[in-house]
Amino acid sequence: MGNDSVYNALVEIVGEDYASNQPEELYMYSVDSGTEGPRKVDYVAMPKTTEQVRDILLLANEHRVPITPMGANLTLNGLGLPVNGGIVLDMKRMDRIIELNKLSRYVVVEPGVTQGRLGTYIEKNCPELEHSRPEAPPMATVVGNIVIRGHGFLAVKYGNNASQINGMEVVLPTGEICKTGSFSVSQLPFSKGPLPDLSALFCGWNGTTGVITKLSLKLFPKRKTMDIVGYAVHDVELVPDLLWRITQTDMVDNLFVVGFVFGDSGESPQYVTVCFTGDIDEELEHKKAVFQKIAEEFDRAAPGKVEFLYPVTEMLTSRFIEKPPYVSPALAADFEHGGGYRYCGAILTVDKMPQAWRTGIELARKHGTNFLSGTQIMGYCHSVNFCFVYPFNRADEESMERVRRAMRDTNEAVLAMDGIPWKAEVEAQKLISRKMDPNSYNLIQRIKETLDPNGIMNPGNWSK
Amino acid sequence: MADVDYKEIIHRCFRCGFCKLSYDYSSVGFNCPMYHRFRLETYSPSGLNWLIRAALIKNDIEWTEHLSEILYSCSTCGNCVETCRFEFGEHLVNNFIAVREEILETQRPVPKMIRKFFENVYLYGNAYREPREARGNWAQGLGIKEFEQGDEYLFYVGCVGSYDTCSQRAAKSLGKVMQKASVSFGILGEKEECDGNEVRLLGEQGLFEHQRDKNVELFREAGVKKIVTLSPHSYNAFKNHYAGEFEVFHYTQLLRDLIESGTLAISGKFEATVTYHDPCFLGRHNLEYDAPREVLNTIGGLNLVEMERNRKNAFCCGGGSANFYTGISAKGKDQASNARVREAYETGATILAVACPVCLLMLEDAVKTEGLDEQIQVKDISEIMMESLTN
Ligand SMILES: Cc1cc2nc3c(=O)[nH]c(=O)nc-3n(C[C@H](O)[C@H](O)[C@H](O)COP(=O)(O)OP(=O)(O)OC[C@H]3O[C@@H](n4cnc5c(N)ncnc54)[C@H](O)[C@@H]3O)c2cc1C
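Residues numbered from 1 in each chain as written. Chains lettered and ligands numbered in written order. Predicted model: local features only at pLDDT ≥ 70, side-chain atom pairs only at ≥ 80, totals over all residues. Heavy atoms only, no water.

Description of the domain arrangement of chain A
Residues and elements named next belong to chain A. Put simply, the rule is: How far each domain reaches was decided by an automatic or database domain assignment. Contacts were defined at the residue level, with two residues in contact if any of their heavy atoms lie within 4.5 Å. Buried area counts how much accessible surface, traced with a 1.4 Å probe, disappears from two parts once they are put together, with both parts' losses summed. Salt bridges are defined as contacts in which a side-chain nitrogen from Lys or Arg sits within 4 Å of a carboxyl oxygen from Asp or Glu. Polar contacts, as counted here, are pairs of nitrogen or oxygen atoms within 3.5 Å of one another; within protein the pair requires one atom able to donate a hydrogen and one able to accept it, and residues that are adjacent in sequence qualify only if both atoms are side-chain atoms.
Here chain A is described as being made up of domain 1 (5-90), domain 2 (97-221) and domain 3 (225-424). Centre-to-centre, using C-alpha coordinates, domain 1 lies 23 Å away from domain 2. Every contact between the two is made by 14 residues of domain 1 and, on the other side, 17 residues of domain 2. Here domain 1 meets domain 2 over a buried area of about 1200 Å², counting both sides, of which 74% is carbon and sulfur. Taken together, the links from domain 1 to domain 2 amount to zero salt bridges. On the surface where domain 1 and domain 2 come into contact, there are two residue pairs in polar contact (both at pLDDT 80 or more).

Here it is in structure tokens:
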């Protein structure tokens, strides 16, 4: 065991197999799949119960050791990495699906439950319902995704996943086990209730305000069939209007736009993908006809600029319809046979998409990288998440550095467009904080200090 | 030997984690047995890729005994090859074998049990350090004769079926079933040698070649043309890593053919609900998913039900790559075999059928440690077949 008292105490709490201070584990938890890290990690612990999480937090307070909760560490922006060393809490052993309530349409999960497993579980136990599954690899945790206010396939209808929370159980940084939403008043986690929205204290804070140990998430009706149409848009300026027009039909389940510039191949068109669902084939046929008509309207106004695509490519069918999908956005990591990419997800107004596209191309040229964009439409075009994607080769440090530089410039450009970088890495958090209204920034700091008086929760996040 | 240099591709691992799951993201649990057991990021195919790169290519960390333990906790079950979405995924298991070779060649620290395994095979021709003369003892009193020129099949039993008392049950039953079907066969008895499958997986290429050459010579001298193996591990070695001059069958393939041709008539019954566990070296490594099921389905009264994780999504028993012997990954209540028997039990089956002596011993142990021995029994298909012939 040695005489490392923190390590010994962790072993006491979680058992020898699930605590480590060995170089191999410390290395693995010091790096993520993007370009952040290595960061200093002193211990890794895998709790199994809420009480173990509480005991670890009490220990961390006693020894003033930083704590970083981690799901699958798939943000690519190093949010699951400690900024100032300490204990990484790998939450994936807390992996129970506690309840699926069909009538009230919610599910209660522990923080280690992965998107892949939850999807399969719902499919098996209640095929009439679904959750808004992100396109992140299936190992991504449901809780990690709501912490960063991520989004899933149903975002166009219901907004991001943090807006689908009914309630939570959280261990506060000082060790109290606390509940939010109707959970805090009754046994039933069915609603946020007419209460102060305490769940919001844990979304968007990058795990610095507490450790979520249970989450109640809304489920939605799942229709029997799905189909896809596409539009190849040859003038990026038309994209915002087209998206507005498509969402105006109120018939869309998922709406996504992709574009890319690879090497000297020139700009691709903007590929707008529309997924729509129905219970009978006639319903799908009808919806398809409506979407086709939209293409015709645009063609009359701007001949040759908007092509209707049906059927769509096998790749899109696999990505959006196949279960499980073979095609995943993860494959972008192998575009340069290099094992990685970074992306800045920019939360923008829809009208900024053409500017964002041009900016991405410019910055990719400036930094000598390839560029692709993927845009998830959120709500009825209430906002978009425009992702500036830059692939790199992990075996080539120079290529990684180019991508780091491109990310820096992109974050600045996004803020200049009145947008906000999503799941911002520490450097981008600083940029955002500096631009933020000082009173808002101070409020964030006051909340953090109140909840975490000893500053143990991954300190270094959300600071200037 | 790997056909691609791992150093050229290992940096392409994105650590996205598909490799930890089954292809269909089964909700039952993680499908990588070492990740299932240890749950730390290090103990996963992607974890291994990153650690290997850090230690052997970038020199960011040292190669330690702990790192070797992580490497050797992999049972080479092939789930990651099946589930990785990237084209280099097909090389994952071969990469791990190549790294094992490299660390042995460069004399880096290796777990004691691995060294002991090699020593046993080299000195005694078996993994267990048992006397060579005892290798054929399991067959005593069964009237199973030594292989001789003109016999159609060599019945190759393998180390586990020969020495492990639990797995000997399978060897005996198969011997009896083949006798009943009047198959012309014989065994090598004390002359039989380890097939080298695990030795190869553990990276001891030299010892593997030594075993292979010895066996090939022995088979040639004896006039062997066709081999029927009890173990999918032997089947894998002979079929994919020997010269190819012998026709090799796993016993479930032979039984299926005998039933199809009418040579083996099953008149009796086996009244039970049975679930079948695909062994990795028959299923994922050699794509034989049907023969065992076809055999089971011909047995009257037998109701075959599937576990959620089956065929290419089957969950490994955790014993492959000599883990059944070294116990590196196969230890404690959280090990793969325990989860697998719980999964089998949840199907409502009272019999968990296997077609591999390693799975037999792993799962039988797990049934006991899970306290399920009253509810579900582990039986090799050869045993089920034998019982159905006598019922
Ligand atoms: C190929 C690819 C595609 C992606 N597609 C999408 C997509 O479509 N939609 C989307 O939203 N995202 C997407 N992402 C981004 C990201 O992977 C996901 O949002 C993912 O769900 C994050 O979950 P995680 O388990 O990896 O979280 P982590 O990265 O482990 O954690 C995220 C944050 O949450 C904190 N945290 C984790 N667990 C807890 C806890 N229990 N309590 C408190 N804090 C905690 C961490 O400290 C960290 O700050 C994608 C990523 C990749 C690589």
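Describing the sheet that holds strand β5 (residues 269-276) of chain B
All names here are of chain B. Inclusion rule: Pairs of strands are assigned from DSSP output, requiring at least two bridges between the strands. Comment: elements are numbered from the N terminus, with helices defined as DSSP H or I runs of at least four residues and strands as E runs of at least two. Here the axes come from fitting lines to C-alpha atoms, over the contacting stretch only for helices, and the angles between their N-to-C directions go from 0 to 180 degrees.
The strand order across the open sheet built from four strands is β6-β5-β7-β8, with neighbouring strands paired in parallel fashion. A strand with exactly one partner marks an edge of an open sheet, and here the two such strands are β6 (300-305) and β8 (377-380). Averaged over neighbouring strand pairs, the angle between their axes works out to 35 degrees when direction is ignored. With four bridges joining them, strand β7 (residues 351-354) and β8 adopt parallel strand pairing. Residue pairing in the sheet places I351 in a bridge with Q377 of β8. Together, β5, β6, β7 and β8 form the strand contacts of helix α18 (residues 381-390), whose direction differs from that of β8 by roughly 85 degrees.

What about the sheet that holds strand β1 (residues 19-20) of chain A?
Residues and elements named next belong to chain A. Strand order in the open sheet formed by four strands is β1-β2-β4-β3, and the pairing between neighbours is mixed. A strand with exactly one partner marks an edge of an open sheet, and here the two such strands are β1 and β3 (67-70). Across two bridges, β1 lies against strand β2 (residues 43-45) in antiparallel orientation. Paired with S20 across the bridge in β2 is V44.

Focus: the packing of helix α7 (residues 239-248) of chain A against helix α8 (residues 281-301) of chain A
All names here are of chain A. As a reminder of what qualifies: Left-handed describes a crossing whose near helix is turned anticlockwise from the far helix by less than a right angle; the clockwise case is right-handed. Any residue that is not Ala, Val, Leu, Ile, Met, Phe, Trp, Tyr, Cys, Pro, Asp, Glu, Lys or Arg is counted as polar, Gly included; the first ten are nonpolar and the last four charged.
Contact geometry of α7 with α8 gives a least axis separation of 11 Å together with a crossing angle of 145 degrees. As for the relative orientation of α7 and α8, their crossing is right-handed in sense. For the pair α7 and α8, the contacting residues are D241, L242, R245 and I246 in the first and F291, I294, E297 and F298 in the second. Among the residues making up the contact of α7 with α8, the classes are represented as five nonpolar, no polar and three charged.

Examining the pairing of strand β18 (residues 383-393) of chain A
Residues and elements named next belong to chain A. For clarity, the threshold we go by: Type-normalised accessible area, obtained with a 1.4 Å probe on protein chains alone, sets the label of each residue: buried when under 20%, exposed when over 50%, and partly exposed for intermediate values.
Of all eleven residues in β18, ten are buried; the element is thus mostly enclosed. In this sheet, β18 lies alongside strand β16 (residues 339-348) in antiparallel orientation, the contact comprising ten bridges. Bridging across to β18, G345 finds its partner in C387. The pairing of strand β17 (residues 371-378) with β18 spans seven bridges and is antiparallel. By the bridge assignment, T375 is partnered in β18 with F386. Here β17 folds back onto β18 in antiparallel fashion, the turn holding four residues, of which G379 has a positive phi close to 60 degrees.

Quick word on the site of the ligand
Residues and elements named next belong to chain A. Convention followed: By convention in this text, a residue qualifies as near a molecule or strand provided that one of its non-hydrogen atoms is within 4 Å of it.
Not every one of the 35 residues close to the ligand is listed here, only the nearest: P69, G71, N73, T141 and H151. Note that an oxygen atom of the ligand is positioned 2.6 Å from one of the backbone N or O atoms of P69. The separation between a nitrogen atom of the ligand and a polar side-chain atom of Y343 is 3.1 Å. Elements supplying a minimum of two residues to the shell around the ligand: β3, α5 (142-147), β10 (211-218) and β16. Looking at the shell around the ligand element by element, the count peaks at four residues for α5.

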